[in-house]
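Tertiary structure, described
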Amino acid sequence: MSYADFVALNYKPKKSDLICLFYIEPFQVSMKEAAGAVAAESSVGTWTEVTTETKRIAKMRAKVFEIKNNYIKVAYPYELFERGNMPEILSSIAGNIFGMKIVKNLRLEDIKFPENIIKSFKGPAFGINGIRKLLNIKDRPLVGTIVKPKLGLNPKEHAKVAYESWVGGCDIVKDDENLSSQDFNKFRERVMCTLIAKDKAEKETGEKKAYLANITAETEEMLDRANFVKHNKGNYLMVDIINMGWSALQTVRKHNFKLPLHAHRAGYAALARNKMHGISMLAIAKIARMIGVDSMHIGTAVGKMEGPAKEISEIEEEIELSLIKKNEASHILEQKWYNLKPVMAVCSGGLYPSLVPSLIKMFGKNIICQAGGGVHGHKLGTKAGATAMRQAVEAALKGVSLREYAKNHKELYIALRQWD
Ligand code: CAP
Ligand code: MG
C-alpha cells in the first residue's frame, strides 16, 4: 500500500463517513502524494507497507475524494473511531499529520460528523433556551462582565466587584480564565462570598443573576469544585476548554451537574490563528458543542482579539443552528446537528458600550455581550460601567443611536466620552 492508494477521486462519500476538509501545502512532493499521506497517517496507514494489513483493514482506509487547489476532502469510515471518545477521534484526524515532513502546512478547516458519532456525545445540557430560562430574559442580548483585575483581588474584593456589576445591570459575572484557587483568592472562599453577593444583588434588583465560577483544575479537583458550587446553590460553571483538554471537558459534562457550562477558549489561537496550519476555531467550536458546553467565546470582530466578522458569524451559526449548509467559498461542510441544543455565543475581549450596537447588528440577539475593562474601567466605577453597558443594549434594541440615548443616560454619556 502506498500513499497514492489513499486517494480515490471517484469515491462518493457515504452518509455514515466522517469527512474532513484540510488546507494543505505539500513539501517537495505532489499534492496527491501529500494528500494521500494525510489520509494514510490519520487512518490505517504508515510510511511503508506492513505485512500485518489484511483485506478487511484495507477497506477501512480513509480516502481523499476531492482535491481543489490547496484544499482536500477526506472521507473516513466511521468504524475507525470510538464513539463518545473525542481525544481518540482527534488523535486520528488532528494528530500525527500536523507534524509530517511531507506537508509544509496543514490546517483542519472543518469536520463533518456523521449521525452516530454526533449522537454519542451529550451536547449542551441547557443551550440558549436553558440559559434564557435560568435568567428569565426572553430575547435581549445578555450583559456580562469579567471581574478585573484578572488576578490579585481577594475573595471579599472579588465579591464586591461582582455585586456592583450585578446591581449596575450585568446579568452575568464571571471569573477570569486564569483565576482558579491561588493563595490570594481561594476558590471555595471566593464562591461563598460571591454567591452571597449574588443573592443580595438579586433581591435588590429583582432580576436573576448568574455567577460563572471557574472550576478549571486537575480533573478530580475540578469535579470537587463543581460539586461545591452546586452544593452552595451556585447556578453556572465555567471551564477553560483548551487548557483542560477534551477528555476533562467530557468528564465534567458526563457528571451532569445540572448547571450550565461556560466555555472560555484561552489558548485556542495557538491552534487556530495561523490560517495555514493547525485547527480552525470553527472545528474547535463544533467539538465543544458536541461534548456539551452551553455558552462559548467566539470573538467580537470589533474588540481587542483577532478574527474577522464573517468568520465569527459563521462560527456563531455553526454553534446555533440545527442544519449547516455547505459553503465552498468559506470552506464549510454541511452538518446536521440532530437533537443537539444550540450554544449561546459570547462576544468578549476589548468591548465597551460604543461597540454594542455593531455586535448586535453583526451577530443578532442571541449573544452575551461581555466587557471586563469596558465595565471596571468606567470613570465612575464598576456599577456605572455595568449600567452603561446595559444602556447601550437598550438603545440598540430601541434603534436609538448611543449618542441620542446618552443625552439622558449619564453613565452611557460618560462611557462614550471616555472611549469614543
Ligand atoms: C475580556 C477577557 C477575555 C477575552 C478572551 C480578557 O476582558 O476576560 O478573556 O475575551 O478573548 O481577559 O481579555 P476585557 P476571546 O473585556 O477586559 O478585554 O473572547 O476572544 O476568547
Ligand atoms: Mg479573560
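Placed above this text is the structure.
Notes on the structure in this doc start here. (Residues numbered from 1 in each chain as written. Chains lettered and ligands numbered in written order. Predicted model: local features only at pLDDT ≥ 70, side-chain atom pairs only at ≥ 80, totals over all residues. Heavy atoms only, no water.)

**Here we look at the packing of helix 12 (residues 281–291) against helix 13 (residues 309–320)**
- Close contact between helix 12 and helix 13 brings their axes to 9 Å; oriented N to C, the two are set at 20°. By the angle class used here, helix 12 and helix 13 are roughly parallel. Here helix 12 runs over helix 13; the crossing is right-handed. Here M281, L282, A285, K286 and R289 of helix 12 lie close against helix 13, whose contacting residues are E314, I315, E318, I319 and E320.
- Partitioning the contact of helix 12 with helix 13 into residue classes produces five nonpolar, no polar and five charged. (Axes fitted to C-alpha atoms, helices over the stretch in contact; angles between N-to-C directions. Helix = DSSP H or I, 4+ residues; strand = E, 2+ residues; numbered from the N terminus. Parallel < 35°, antiparallel > 145°, perpendicular 65-115°, else oblique. Left-handed = near helix turned anticlockwise from the far one by under 90°. Contact = heavy atoms within 4.5 Å. Nonpolar A, V, L, I, M, F, W, Y, C, P; charged D, E, K, R; others polar.)

**Quick look at the packing of helix 16 (residues 382–398) against helix 18 (residues 410–419)**
- Relative orientation of the contacting elements helix 16 and helix 18 amounts to 95°, with a least axis distance of 8 Å. With respect to helix 18, the axis of helix 16 lies roughly perpendicular. Residues A384, T387, A388, Q391 and A392 of helix 16 lie in contact with helix 18, whose contacting residues are E411, L412 and A415.
- Residues belonging to the contact of helix 16 with helix 18 are distributed by class as follows: five nonpolar, two polar and one charged.

**Quick word on helix 3 (residues 86–93)**
- Burial in helix 3 covers these residues: M86, I89, L90, S92 and I93. Each buried residue of helix 3 lies within a common arc of 155° when the element is viewed along its axis, so the set occupies one face.
- Where helix 3 is buried, its residues contact strand 1 (18–26), strand 3 (71–76), strand 4 (103–112), helix 4 (115–118), helix 10 (246–254) and helix 12. (Buried < 20%, exposed > 50% of the residue type's maximum accessible area, 1.4 Å probe, protein only. Arc of directions from axis to C-beta.)

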